[in-house]
Amino acid sequence: MRHLITTGDLTTEEILSIFSTAQRFLERPNPPKLLQGKLIITIFFESSTRTRSSFEIAAKRLGAEVVHLDVSKSSTQKGETLYDTAANLDAMGPNAIIVRHRNSGVPHLLARHIGCSLINGGDGAHAHPTQALLDLFTLRYHLGELKGKRIAIVGDIKSSRVANSNIELLRRFGAQVVLVAPPHFLPETDLPFTYNIREVIDSVHGIMSLRTQTERHHRPTYASLKDYARDFCITKELIGDRDIVILHPGPVHRNIDISDEVLADPRCKVLEQVKNGVLVRMAVLVKLIDG
Ligand code: NCD
């Protein structure tokens with residue numbers, strides 16, 4: 001049984017094979033229905049702007065049946081434990097269950113109670129493996145091999161599962177990661193970091209901007225998002241005409257994380273990430289379900 005809880009569940013060879021499958025899907029808009037007759041369940045205990053739809057579209061493009069469990073109406077609201085919910089879903093015979101939960105560690109716990117593949121669609125501030133895979137796929141498309149390339153991760157790194165999963169993968173693929181954040185958004189780290197993005201702007205090949213995860217803060221950290229934006233928003237004034245690839249996992253806080261002008265700039269790959277997300281998730285589903 002293969003699960004995908006963190007990026008560490010995949011070897012580098014497996015990741016490269018997922019990328020070549022995703023690349024084939026990119027070149028072939030009508031892929032063979034490799035998952036015909038398979039059943040995939042999505043269950044999102046925390047809201048999702050695009051991850052859920054990305055997985056569902058990926059599954060449907062490959063011919064799988066998709067069932068979404070509406071948590072607001074499900075028996076979790078009626079007091080059923082997570083384990084019982086998982087065991088009951090499992091009894092319906094799916095080939096994979098995709099879970100998102102606000103608490104770190106839930107996908108790992110559930111994986112022990114089910115007989116099919118479990119894919120983590122994001123758990124708390126812990127991990128978001130498919131986001132990091134699609135980010136890496138997008139970066140490699142534009143920058144080639146990442147060995148020696150410098151990538152700045154900017155924003156609320158401490159609360160970000162996207163940052164966690166990306167740090168693991170980027171380092172594994174040889175990138176130099178530099179963290180850029182105000183002190184209260186920085187995790188404990190052995191990576192280089194700065195509070196001032198202007199210190200690194202001349203040396204980076206890519207910038208990964210992150211949303212301020214106010215829903216994960218126990219108390220307000222910045223006086224206002226505007227104050228944060230003054231120091232960390234990715235603006236035209238900041239990047240100038242430098243050759244830098246700009247990423248963001250979405251949802252973007254416009255003019256807080258990235259300015260309107262940069263969002264419309266061809267160096268900003270936010271929508272390309274969304275497009276690649278479907279392809280990479282198709283490749284992940286094939287790998288886990290079909291071997
Ligand atoms: C992220 C998430 O939910 O972890 N978004 C996403 O999956 N595309 C990041 C965020 O919510 O800011």
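Going by the structure above, here's the rest.
As a starting point, this report considers the structure included with it.

What tends to happen in soluble globular proteins is that the nonpolar side chains get buried as a cluster. The biggest cluster of nonpolar side chains holds 81 residues, and the ones touching the most others in it are Ile153, Leu170, Ile207 and Ile234. The leading source of residues in this core is helix α10 (residues 270-290), at 11 residues. Each of domain 1 (7-128 + 274-290) and domain 2 (129-269) gives at least three residues to this core. With near-sequence residues (within four places) excluded, Leu170 lies in contact with Leu136, Leu139, Leu146, Ile151, Ile153, Ala175, Val177 and Met208.

Considering the arrangement of structural elements, one finds Asp190 in the loop between β6 (176-180) and β7 (193-194). Asp190 gets classed as exposed once you look at its relative accessible area, which sits at 64%. For Asp190 and His142, which are 48 residues apart along the polypeptide, the C-alpha to C-alpha distance reads 27 Å. In terms of polar contacts, Asp190 uses its side chain to reach the side chain of Arg171, at 3.4 Å.

This part covers the site of the ligand. In the vicinity of the ligand, the contacting residues are Arg50, Thr51, Arg100, His128, Gln131, Arg161, Val162, Arg211, Gln213, Pro249, Gly250 and Pro251. One of the side-chain nitrogen or oxygen atoms of His128 is found 2.7 Å away from an oxygen atom of the ligand. A distance of 3.3 Å separates a nitrogen atom of the ligand from a polar atom in the side chain of Gln131. Coverage of the ligand by the protein amounts to 95% of the 310 Å² it exposes when considered alone. Considering only residue class, the shell around the ligand consists of 3 nonpolar, 5 polar and 4 charged. Shared between two domains, the shell around the ligand holds at least three residues of each, these being domain 1 (7-128 + 274-290) and domain 2 (129-269).

Moving on to the sheet that holds strand β3 (residues 96-101). Within the open sheet, the 4 strands sit side by side as β2-β1-β3-β4. Their pairing is parallel. Looking at strand neighbours, the two that pair on one side only are β2 (65-69) and β4 (117-123), the edges of this open sheet. Sheet twist, expressed as the mean angle between neighbouring strand axes with direction ignored, is 15 degrees. The pairing of strand β1 (residues 39-44) with β2 spans 5 bridges and is parallel. Paired with Thr42 across the strands is His68, a residue of β2.

Next up on the list: unusual backbone geometry. Cis geometry marks the peptide bond from Gly250 to Pro251, where omega comes out at -10 degrees. Of note, Pro251 is situated in the loop between β9 (245-247) and α9 (260-263).

This next bit is on the pattern of salt bridges. A side chain with one charge can pair with a side chain of the opposite charge if their charged atoms come near. With the rule as written, the count across this model stands at 16 salt bridges. Its salt-bridge partner being Asp202, residue Arg242 comes within 2.8 Å of it at the nearest N-O pair. Note that Arg242 is positioned in the loop between α8 (236-239) and β9 and Asp202 in the loop between β7 and β8 (206-209), a separation of 40 residues in sequence. Taking relative accessible area as the criterion, Asp202 reaches 65% and is therefore assigned exposed. Through salt bridges with shared partners, a single ionic network connects Glu46, Arg161, Arg211, Glu215 and Arg216.

Right, let's talk about the pairing of β1 for a bit. Among the 6 residues that make up β1, 6 are buried, leaving the element largely enclosed by the rest of the structure. Note that the unit made of β1, helix α2 (residues 51-61) and β2 has a crossover that is right-handed. As paired elements, β1 and β3 share 5 bridges and run parallel to each other. Bridging from a neighbouring strand, Ile41 pairs with Ile97 of β3.

As a further point, take the packing of helix α1 (residues 12-27) against α10. α10 packs onto α1 with a crossing angle of 120 degrees between their chain directions and a minimal axis gap of 8 Å. On the basis of the axis angle, α1 is oblique to α10. Seen along the crossing, α1 lies across α10 with a hand that is right-handed. Residue-level contacts link Glu14, Ser17, Ile18, Thr21, Ala22, Phe25 and Leu26 of α1 to Lys275, Leu279, Val280, Met282, Ala283, Val284, Val286 and Lys287 of α10. For the contact of α1 with α10, the per-class residue count stands at 10 nonpolar, 2 polar and 3 charged.

Here the focus is α1. Taking 1.5 Å per residue, 16 residues should reach 22 Å; α1 reaches 23 Å between its end C-alpha atoms and fits that length. Among the structural elements, α5 (129-143), α6 (161-172) and α10 are those in contact with the buried residues of α1.

This brings us to the state of the cysteines. Taken as a whole, this structure holds 0 disulfides when the rule is applied. Unpaired in this structure, Cys268 has its nearest cysteine sulfur neighbour in Cys233, at a distance of 11 Å.

With that out of the way, let us pick up the sheet that holds β6. Strand order in this open sheet of 5 strands is β7-β6-β5-β8-β9, and the pairing throughout is parallel. Looking along the sheet, the strands with just one partner apiece sit at the ends: β7 and β9. Of the strand pairs in this sheet, β6 and β7 are connected by 2 bridges, and their pairing is parallel. Within the sheet, the bridge partner assigned to Val180 lies in β7 and is Thr194. Contacts from α5 reach β5 (150-154), β8 and β9 within the one sheet, and its direction differs from that of β9 by about 170 degrees.

Reading the values: rules and limits
- Residues numbered from 1 in each chain as written.
- Predicted model: local features only at pLDDT ≥ 70, side-chain atom pairs only at ≥ 80, totals over all residues.
- Heavy atoms only, no water.
- Core = buried A, V, L, I, M, F, W, Y, C linked by side-chain atoms within 4.5 Å.
- Buried < 20%, exposed > 50% of the residue type's maximum accessible area, 1.4 Å probe, protein only.
- Helix = DSSP H or I, 4+ residues; strand = E, 2+ residues; numbered from the N terminus.
- Domains from an automatic or database assignment.
- Contact = heavy atoms within 4.5 Å.
- Polar contact = N/O pair within 3.5 Å; in protein donor to acceptor, adjacent residues only side chain to side chain.
- Near = heavy atom within 4 Å.
- Areas by Shrake-Rupley, 256 points an atom, 1.4 Å probe, with all protein chains shown as cover.
- Nonpolar A, V, L, I, M, F, W, Y, C, P; charged D, E, K, R; others polar.
- Pairing = 2+ DSSP bridges.
- Axes fitted to C-alpha atoms, helices over the stretch in contact; angles between N-to-C directions.
- Salt bridge = Lys/Arg side-chain N within 4 Å of Asp/Glu carboxyl O.
- Right-handed = clockwise from strand over helix to strand, strands pointing away.
- Parallel < 35°, antiparallel > 145°, perpendicular 65-115°, else oblique.
- Left-handed = near helix turned anticlockwise from the far one by under 90°.
- Expected span 1.5 Å × (residues − 1).
- Disulfide = S-S within 2.5 Å.

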